[in-house]
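What follows is the residue order along each chain.
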Amino acid sequence: MKQTIFGTDRAAFQKNLRKNTVYCVLVFCAVVFMHGLCTLGRTEDNHTFMLIANIAADIVGGSFILARLNLCVLPQQKLLRLYDQASQQAAGQVLEIGTSMIHYIGVDCYEVSLPDRHLFLPAGTIQLQKGDTYSFRLKGNLIVEVCDDGQD
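Calculation notes
- Starting afresh in each chain, residues are numbered from 1 along the sequence in its written order.
- Owing to the predicted nature of the model, reporting of local features is limited to residues with pLDDT of at least 70; listing and counting of side-chain atom pairs is limited to 80 or more, with chain, interface and lining totals taken over all residues.
- In computing side-chain properties, one takes all heavy atoms of the structure into account and sets aside hydrogens as well as water.
- In DSSP terms, a helix is any run of H or I states spanning at least four residues, a strand is any run of E spanning at least two, and both are numbered starting from the N terminus.
- Working definition: with a 1.4 Å probe on protein chains only, accessible area under 20% of the residue-type maximum means buried, over 50% means exposed, and in between means partly exposed.
- Any pair of nitrogen or oxygen atoms within 3.5 Å is treated as a polar contact; in protein, a donor-acceptor pairing is required on top of that, and neighbouring residues in sequence qualify only through side-chain atoms on both sides.
- When checking whether two residues touch, look at their non-hydrogen atoms; a contact exists if any pair is within 4.5 Å.
- Definitions used for this entry: grid spacing 1 Å over protein atoms alone; cavity, a set of points where a 1.4 Å probe fits but cannot get out; pocket, an open set with protein on both sides within 12 Å along at least 5 of 7 lines; lining residue, one with an atom within 4 Å of a point.
- Grid points are joined across faces, edges and corners, and a volume is the space filled by probe spheres set on the points.
- What a helix should span is 1.5 Å times the count of its residues minus one.
- Here the bend at each residue means the angle between axes fitted to two seven-residue stretches, the one ending at that residue and the one beginning there.
- Residues enter patches when their relative accessible area tops 30% and they take part in no salt bridge; the joining distance is 9 Å for like charges and 5 Å for the nonpolar side chains Val, Leu, Ile, Met, Phe, Trp and Tyr.
- Note that accessible areas follow from Shrake-Rupley with a 1.4 Å probe, and for residues the cover is restricted to the protein chains shown.
- Any carboxyl oxygen of Asp or Glu that lies within 4 Å of a side-chain nitrogen of Lys or Arg is treated as forming a salt bridge with it.
- At least two DSSP bridges between two strands are needed for those strands to be called paired.

This part covers the side chain of T125. Its place among the elements puts T125 in the loop between β6 (118-122) and β7 (133-139). A relative accessible area of 17% means that T125 is categorised as buried. A distance of 2.7 Å separates the side chain of T125 from the backbone oxygen of P122, its partner in a polar contact. Those residues within four positions of T125 in sequence are excluded, and the remaining contacts are T4 and I5.

Have a look at this one:
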């Protein structure tokens, strides 16, 4: 059985990444549209209301965009880039899986001990069992793909 850092197949992962990016673009367009409406609809009588609506649109839309980018889009892009750059291979029996998270090349990971080296498993992605033998595809020492018992 093959597992990747995506937790799903690559096509579904890329579809989710595109969806999150489109959400950000749509919210940005909505904020720009709101600015246009507030500017065109402004009069001396409703100046304060339009200014407040403009500021509220910035706060709500900007918060959504920043949150979505930092929590979804950028981490997903990073995982995709790491997966595409992975070129090293390793195999071995998992002796131990660390319990505390380590920040390795910008990714929260758990340390995985093999007989001859230490690897880093991105948190919340791949499930490994202590004592089982796997073949790994790596970017540096970061695990991006795992196959059980050496199956490809």
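In this section: the layout of surface pockets. Size it by volume and the largest pocket reaches roughly 220 Å³. Together, I5, F6, P75, K78, L79, G106, V107, D108, P122, A123, G124 and T125 line the largest pocket. Those elements that provide at least two residues to the lining of the largest pocket are α2 (47-85) and β5 (107-113). At three residues, α2 tops the list of elements feeding residues into the lining of the largest pocket.

The next point concerns α2. The terminal C-alpha atoms of α2, which comprises 39 residues, lie 53 Å apart, in line with the 57 Å expected from a rise of 1.5 Å per residue. Of all bends in α2, the biggest is about 45 degrees, found at L69. Among the residues of α2, those classed as buried are M50, A53, N54, A57, G61, I65, V73, Q76, L79, L80, L82 and Y83. Lining the buried residues of α2 we find β1 (2-4), α1 (10-40), β5, β7 and β8 (142-148).

Among the surface-exposed residues, V22, Y23, L26 and F64 lie close enough to one another that they form a single nonpolar patch of about 350 Å² accessible area. Of the residues forming the nonpolar patch, the biggest block, three residues, is contributed by α1. In this structure, V22 sits in helix α1.

The next subject is the environment of F49. Along the chain, F49 falls in helix α2. In sequence terms F49 and M1 are 48 residues apart; their C-alpha atoms lie 59 Å from each other.

To continue, consider the pairing of β7. Summarising burial for β7: five of the seven residues are buried, a large majority. Bridge count between strand β2 (residues 88-93) and β7: six bridges; the pairing is antiparallel. Bridge pairing links Q93 to T133 in β7. Of the pairings in the sheet, the one linking β7 to β8 comprises six bridges and is antiparallel in character. Across the sheet, L138 pairs through a bridge with I143, a residue of β8. Where β7 folds back onto β8 in an antiparallel hairpin, the turn is made up of two residues, including G140, whose phi is positive at roughly 70 degrees.

A separate point is the pairing of β5. Judged from the two bridges that link them, strand β3 (residues 96-97) and β5 form a sheet pairing that is antiparallel. From the neighbouring strand, I97 faces β5, where its bridge partner is V112. Bridge analysis of strand β4 (residues 102-104) against β5 gives three bridges, and the strand direction is antiparallel. Bridging from a neighbouring strand, I102 pairs with C109 of β5. Here β4 hands over to β5 after two residues, with I105 in that stretch at a positive phi of 40 degrees. Bridging between β5 and β6 involves five bridges; their strand directions are antiparallel. Considered in β6, the bridge of V112 is made with L119. Counting the residues between successive antiparallel strands, the hairpin from β5 to β6 contains four residues.

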